[in-house]
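# Report on the structure
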Amino acid sequence: MSHKLLILAQDKKKYHALIEEAQFDGLEIVDQPSHDVDIILGEPSLIKVALASLPGLTWAQSIWAGIEPLVGPASRRDYILTNARGVFGELMSEYVIGYLLAHERKIFQRHDAQMNKQWEESDTGTLRGKTIGLLGVGSIGTEVALTAKFFGMNVRGYTRDSETSAHVDSYFHGDDLLKFASGLDYLVNILPNTNDTRKIINGDLLHVLPVHALVINVGRGPALDESALLDALNQNKIAGAVLDVFEQEPLPKGHPFWTTPKLLMTFHTAAPSLAEDITNIFIENYKLLLEGKPLKYRVDFQKGY
């Protein structure tokens, strides 16, 4: 059986070349949407725009983990949607641990001292023995937990019900959210964007964190109550925050985050979708499609992930 594939991504040429290297008979890669395109690979925002021109679509492979543009209440659902998983864990772990080390080792503080020609010799901290709380322990959270244990940290995990990572010392569920957050040195959000996760980092949660705690959001922007975080930072209720994702992207020029003290922003760059990694997912799934087997990483439209 033949298939027509449309690629909608910034690295379209790279994806095209990598897929052609696999030499699939019967797979034609096309440049424009048409009625006979049955497979699409690309960014969810671009896929959403093209859906109306793809009446024959049967499968869409997102190059991102997040698929919010495609799972709204009025979204089309007559095709299989799969997302990218299992390839962001190491990248996200590097990011999270990098900022934890920067915080403990006072890297930014030392740099400021250097710029001001000040000899700054205060003691540094260590990750060993510190407690990190992971909001979400899927494939990415599991990788972060593994790396945290390498540095001798205590790891807490908050999930809906799963307890699959052996690197998490204690799990919390449901109404135990505040218990989970109490006493954390680091709070890291890795949750997807769903009705249950929106503003999960709110004033109540921030209130139970110690004043030395650092908040990191690499999950989704809507998980964070921005007003509550601004209040916590401006009133020195927590030590700082590192934000990679935001409710509105790009962040408006007038947003107070730009000038908020002890806040670092990284502009949704924590774990890029590398063409080589995503192509491997697509090729694996395409082989399953040819064999008539269920595809990996299928999205539940109802759940939104």
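Refer to the preceding data block for the structure.
Residues numbered from 1 in each chain as written. Predicted model: local features only at pLDDT ≥ 70, side-chain atom pairs only at ≥ 80, totals over all residues. Heavy atoms only, no water.

## Brief notes about helix α3 (residues 89–104)
One turn of the α-helix equals 3.6 residues, which is why residues spaced by three or four share an orientation. Its 16 residues place the ends of α3 22 Å apart at the C-alpha level, agreeing with the 22 Å of an ideal helix rising 1.5 Å per residue. Three or more residues of α3 are buried, namely Gly89, Met92, Ser93, Tyr95, Val96, Ile97, Leu100, Ala102 and Glu104. Summarising the contacts, the buried residues of α3 are in contact with α4 (107–115), β6 (131–135), α5 (139–150), β9 (186–189), β10 (214–217) and β11 (240–243). Directly beyond the C-terminal end of α3, a positive phi value near 55° is found at Lys106. (Helix = DSSP H or I, 4+ residues; strand = E, 2+ residues; numbered from the N terminus. Expected span 1.5 Å × (residues − 1). Buried < 20%, exposed > 50% of the residue type's maximum accessible area, 1.4 Å probe, protein only. Contact = heavy atoms within 4.5 Å.)

## Some words on the layout of surface pockets
Estimated volume of the second largest pocket: approximately 360 Å³. Surrounding the second largest pocket, 17 residues form its lining, Ala102, His103, Phe108, Leu214 and Ala239 being those nearest its centre. When residues of the lining of the second largest pocket are traced back to their parent elements, those giving at least two are α3, α4, β11 and β12 (263–265). Its residues placed into classes, the lining of the second largest pocket shows nine nonpolar, four polar and four charged. (1 Å grid on protein atoms, 1.4 Å probe; cavity = no way out; pocket = protein on both sides within 12 Å on 5 of 7 lines; lining within 4 Å. Points joined across faces, edges and corners; volume = space filled by probe spheres on them. Nonpolar A, V, L, I, M, F, W, Y, C, P; charged D, E, K, R; others polar.)

## Digging into unusual backbone geometry
Cis geometry is found at the peptide bond from Glu249 to Pro250, where omega equals -5°. On the secondary structure map, Pro250 appears in the loop between β11 and β12. Positioned with a positive phi, Asn236 is a non-glycine residue whose angle comes to about 55°. Mapped onto the elements of the fold, Asn236 is located in the loop between α8 (226–234) and β11. For His268, which is not a glycine, the phi torsion comes out positive at approximately 55°.

## Considering the pattern of salt bridges
When their charged atoms lie close together, side chains carrying opposite charge are able to pair. Tallied over the entire structure, the rule returns twelve salt bridges. Between Glu276 and Lys14 there is a salt bridge; the shortest N-O distance is 3.0 Å. You can see Glu276 sitting in helix α9 (residues 275–290) and its partner Lys14 sitting in helix α1 (residues 12–21), a full 262 residues away along the chain. Here Glu276 falls in the partly exposed class, since its relative accessible area comes to 37%. (Salt bridge = Lys/Arg side-chain N within 4 Å of Asp/Glu carboxyl O.)

## Describing the sheet that holds β11
Spatial strand order, β8-β7-β6-β9-β10-β11-β12: seven strands in an open sheet with parallel pairing. Of all strands in the sheet, those bounded by a partner on one side alone are β8 (170–172) and β12. Averaged over all neighbouring strand pairs, the angle between strand axes comes to 15°, with direction disregarded. As defined by bridge partners, β10 adjoins β11 across four bridges and the pair is classed as parallel. If you follow Ile216 over to β11, its bridge partner there is Val242. Contacts from α3 reach β6, β9, β10, β11 and β12 within the one sheet, and its direction differs from that of β10 by about 160°. (Pairing = 2+ DSSP bridges. Axes fitted to C-alpha atoms, helices over the stretch in contact; angles between N-to-C directions.)

## Topic: the pairing of β10
Side chains Leu214 and Ile216 project from β10 onto one buried face, and the interleaved Val215 and Asn217 project onto a second face that is buried too. In the sheet, β9 pairs with β10 via four bridges, with the strands oriented parallel. Each bridged residue has a counterpart across the sheet, and for Leu187 the counterpart in β10 is Val215. The parallel pair β10 and β11 is bridged by α8, and the resulting crossover is right-handed. (Right-handed = clockwise from strand over helix to strand, strands pointing away.)

## Re the side chain of Ser62
Following the sequence through the fold, Ser62 ends up in strand β4 (residues 59–62). For Ser62, a relative accessible area of 0% corresponds to the buried category. At a separation of 2.9 Å, a polar atom in the side chain of Ser62 contacts the main-chain carbonyl oxygen of Trp64. The contact partners of Ser62, leaving out residues within four places of it in the chain, are Gly42, Pro44, Ile67, Thr82, Asn83, Ala84 and Ile278. (Polar contact = N/O pair within 3.5 Å; in protein donor to acceptor, adjacent residues only side chain to side chain.)

## Examining α5
When the terminal C-alpha atoms of α5 are compared, their 17 Å separation across twelve residues agrees well with the 16 Å that a helix rising 1.5 Å per residue should span. Buried residues along α5 sit against α3, β6 and β7 (154–158). Once α5 ends, the next one or two residues include Gly152, with phi positive near 80°.

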